[in-house]
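So the chains spell out like this:
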Amino acid sequence: MTTNAPGALLVIGSGLKLYREYIVRTVSERAREAGLKLVLVNNLKPTWQHAYFDDITVVNVFDHTLLAETARELATRYTVSGVLCWDEPLVMPAAELAAEFGVPGLSIPGVHGCRDKHSCRTRLTAAGLPQPGFELVPDLAGARAAAARIGYPVIVKPRALGASMGVSLASDEQELESAYRVAHEASLVGDEPYRGGALIEGFADGPEISIDGAVYKGEYLPMFLARKSTGMPPFFEETGHVVDAADPLLRDEALLDVLTRAHHVLGIENGITHTEVRLTAKGPVIIEVNGRLGGDLIPFLGKTATGIDPGGVLFDVATGQRPDVAHTRAGTAGIRFGYPAHDCVLHAVTVPEAAPGLVLASPMAEPGTTLRLPPGGYIARHSLVVCEGSGPAEVSQRLAHAASLVEIVTEDVEPPPAGTTLEMPAGLLDVDE
């Protein structure tokens, strides 16, 4: 790394404008206050990013060798002071670059435990944390044998995908066959090392929550907690979240102990994590730890409800500073995603301009987009609404009202034939052109 060159923060992938601009805005402001350049390596031609980044290089970031070569070339022109990444498929190469440049990062073992759900389960189980029975299987015969040993019902999931893609519940051997096929086929859109087969797990029954937290030199600092809503059983499509700054679980000693121990076991050092937990009758059970900010605008809900600015926290941990995660607001905020009733082509979507407590409403797909529900596709969302209020009950009511004001025009399409590779909506708004 060049030592006499301008200092810079290296950002690997910007993400979608709708989901990540508020993060980038704060990081950009903090970088300029610190006299640092903000340098982006992105896979698509930038549009909105020009307002925030000083230098943008467009390469195929999913070619990790090319990404590393690009980052090293940038390091001949800048003194890299930190590496930031919030895109699930890129957190591992980002951690490798942070280690190579000698700047704070999640740590390579930590990211491996986050990306690889089997590794996470193995390490947490070995450390004595509450975990369901589990087994990684290469084929349907292995899935049948594993489910028989673990006991039904079981969760069947890809080894390394996010957003609950390919995850479903199987109550018996007949359902297992379909669930295994769905998980295996979903895994084929993920990273090469994790494709094929499936992870079979015992079902941890109970409400599901997520916690976004910062990690500074191994110290776990919880920021905010989201209560998750899911739908479309036997799948677990995420339909909404509510963040309450006064949620009593943020002070629950058993939950905080499990979170702290898990991060220590996985060896996570510096960064932000998004941990998903089931609240079972036997106590909190970690479902997975993700080495990045939460998706689904959960950090935006956290900022709205608690006043914690996730972009500022990211900047601090990336530059070796202990972040302040004290709440400065005592509110509640939630998000509701709009899904079609059937597979369809979206012709038009109109969102409300005003409603009680409405913070944000936005289309999520362009006209002409084909939206397919699980198992033929995932994240088939046509819109979102975000509302705030005095507590979870009021926010839930406001979300339901705002969602009822969304209008869509669609044309039904037939589901894809069984065995067809799953589809992701190709017309998401704010995808960089």
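Anything mentioned here points back to the structure above.
Residues numbered from 1 in each chain as written. Predicted model: local features only at pLDDT ≥ 70, side-chain atom pairs only at ≥ 80, totals over all residues. Heavy atoms only, no water.

**Student:** Which parts of the structure should I look at to understand the overall build of the protein?
**Tutor:** Assigned secondary structure in the protein consists of 11 helices and 19 strands. In summary, the protein has a C-alpha radius of gyration of 21 Å against a globular reference of 22 Å for 433 residues, a match within 12%. Taken over the C-alpha atoms alone, the protein extends approximately 65 × 50 × 45 Å along its principal axes. Put simply, the protein has 433 residues, and 56% of those count as buried. For the protein, long-range pairs separated by at least 24 residues make up 70% of all intrachain contacts whose partners lie at least 6 apart in sequence. (Helix = DSSP H or I, 4+ residues; strand = E, 2+ residues; numbered from the N terminus. Rg over C-alpha atoms; globule rule 2.2 N^0.38 Å. Buried < 20%, exposed > 50% of the residue type's maximum accessible area, 1.4 Å probe, protein only. Contact = heavy atoms within 4.5 Å.)

**Student:** In this structure, what is going on with the state of the cysteines? I would like to understand it.
**Tutor:** Working definition: the covalent bond between the sulfur atoms of two cysteines is a disulfide. Applying the stated criterion to the full structure yields 0 disulfides. Residue cysteine 120 stays outside any disulfide, its sulfur separated by 6.9 Å from that of cysteine 114, the closest cysteine. Looking at cysteine 120, the relative accessible area reads 2%, which means it is buried. (Disulfide = S-S within 2.5 Å.)

**Student:** What should I look at first to understand the sheet that holds strand 17 (residues 370–371) in this one?
**Tutor:** Strand pairing in a sheet relies on backbone hydrogen bonds. The paired strands run either parallel or antiparallel. Strand order in the open sheet formed by 3 strands is 17-15-19, and the pairing between neighbours is antiparallel. The sheet is open, and its two edges are formed by strand 17 and strand 19 (407–412), each paired on a single side. Inspection of the sheet shows strand 15 (residues 344–350) paired to strand 19 by 6 bridges, in the antiparallel sense. Within strand 19, the residue paired with threonine 350 across the bridge is glutamate 407. (Pairing = 2+ DSSP bridges.)

**Student:** Help me out: how do you make sense of helix 3 (residues 91–101) in this one?
**Tutor:** Side chains that are three or four residues apart share a direction in an α-helix, a result of its 3.6 residues per turn. For helix 3, the tally of buried residues reaches 8 of 11 residues, placing the bulk of the element in the interior. Of all the positions in helix 3, only Val91, Met92, Pro93, Ala94, Ala95, Leu97, Ala98 and Phe101 are classed as buried. Buried residues along helix 3 sit against strand 1 (7–12), helix 2 (64–74), strand 4 (79–84) and helix 4 (108–115). Phi for glycine 102, located one or two positions after helix 3, is positive at around 70 degrees.

**Student:** Help me out: how do you make sense of unusual backbone geometry in this one?
**Tutor:** What you tend to see is this: most non-glycine residues have negative phi, and most peptide bonds are trans. The residue after proline 233, namely proline 234, is reached through a cis peptide bond having omega 10 degrees. The peptide bond linking proline 374 to proline 375 adopts the cis configuration, its omega dihedral lying at 5 degrees. The residue proline 375 is located in the loop between strand 17 and strand 18 (383–389) in this model. Despite not being glycine, lysine 217 shows a phi value in the positive range, around 50 degrees. Positionally, lysine 217 belongs in the loop between strand 9 (208–216) and strand 10 (219–231).

**Student:** Please clarify how the environment of proline 392 should be interpreted in this entry.
**Tutor:** Within the secondary structure layout, proline 392 lies in helix 11 (residues 392–404). You can call proline 392 partly exposed: its relative accessible area is 38%. Proline 392 sits 330 residues away from phenylalanine 62 along the chain, and the two C-alpha atoms are 39 Å apart. Setting aside its immediate chain neighbours within four residues, proline 392 contacts Val242, Asp244 and Thr332.

**Student:** Help me out: how do you make sense of the packing of helix 5 (residues 117–126) against helix 8 (residues 253–266) in this one?
**Tutor:** Each packed pair of helices is defined by two parameters, the angle between the axes and the distance between the axes. Contact geometry for helix 5 and helix 8: axes closest at 10 Å, N-to-C directions at 110 degrees. Here helix 8 runs roughly perpendicular to helix 5, going by the angle between their axes. In this structure, helix 5 crosses over helix 8, and the sense of that crossing is right-handed. On the side of helix 5, the interface is formed by Cys120, Arg123 and Leu124, while helix 8 contributes Ala262, Val265 and Leu266. Grouping the amino acids of the contact of helix 5 with helix 8 by side-chain chemistry returns 5 nonpolar, no polar and 1 charged. (Axes fitted to C-alpha atoms, helices over the stretch in contact; angles between N-to-C directions. Parallel < 35°, antiparallel > 145°, perpendicular 65-115°, else oblique. Left-handed = near helix turned anticlockwise from the far one by under 90°. Nonpolar A, V, L, I, M, F, W, Y, C, P; charged D, E, K, R; others polar.)

**Student:** Looking at this model, I keep getting lost on the pairing of strand 4. Mind explaining?
**Tutor:** Side-chain direction in a regular strand flips from residue to residue, so the side chains alternate between the two faces of the sheet. Buried residues dominate strand 4, accounting for 5 of its 6 residues. Examined bridge by bridge, strand 1 and strand 4 share 5 bridges and lie parallel to one another. Each bridged residue has a counterpart across the sheet, and for glycine 7 the counterpart in strand 4 is threonine 79.

**Student:** What am I meant to see in the sheet that holds strand 13 (residues 283–290) here?
**Tutor:** Ordered in space as 13-12-9-10-11-14-18-16, the 8 strands form an open sheet in which the pairing is antiparallel. Strands with a single pairing partner mark the edges of an open sheet, and in this sheet they are strand 13 and strand 16 (358–363). Averaged over all adjacent pairs, the angle separating strand axes in this sheet is 25 degrees, with direction ignored. Here strand 12 (residues 271–280) pairs with strand 13 via 7 bridges, running antiparallel. In the sheet register, leucine 279 faces strand 13, and the bridge partner there is proline 284. Relative to strand 12, helix 10 (residues 310–318) is tilted by about 120 degrees, and along the sheet it contacts strand 9, strand 10 and strand 12. Packed on one face of the sheet, helix 11 meets strand 11 (237–244), strand 14 (332–338), strand 16 and strand 18 and runs near 145 degrees to strand 18.

**Student:** Can you walk me through the layout of surface pockets in this structure?
**Tutor:** The probe, sized like a water molecule, is rolled over the atoms to show the empty space still left. Approximately 260 Å³ is the volume attributed to the second largest pocket. What lines the second largest pocket is a set of 15 residues, among which Phe203, Ala204, Asp205, Thr280 and Lys282 lie closest to the centre. Across the lining of the second largest pocket, the residue classes break down as 8 nonpolar, 5 polar and 2 charged. (1 Å grid on protein atoms, 1.4 Å probe; cavity = no way out; pocket = protein on both sides within 12 Å on 5 of 7 lines; lining within 4 Å. Points joined across faces, edges and corners; volume = space filled by probe spheres on them.)

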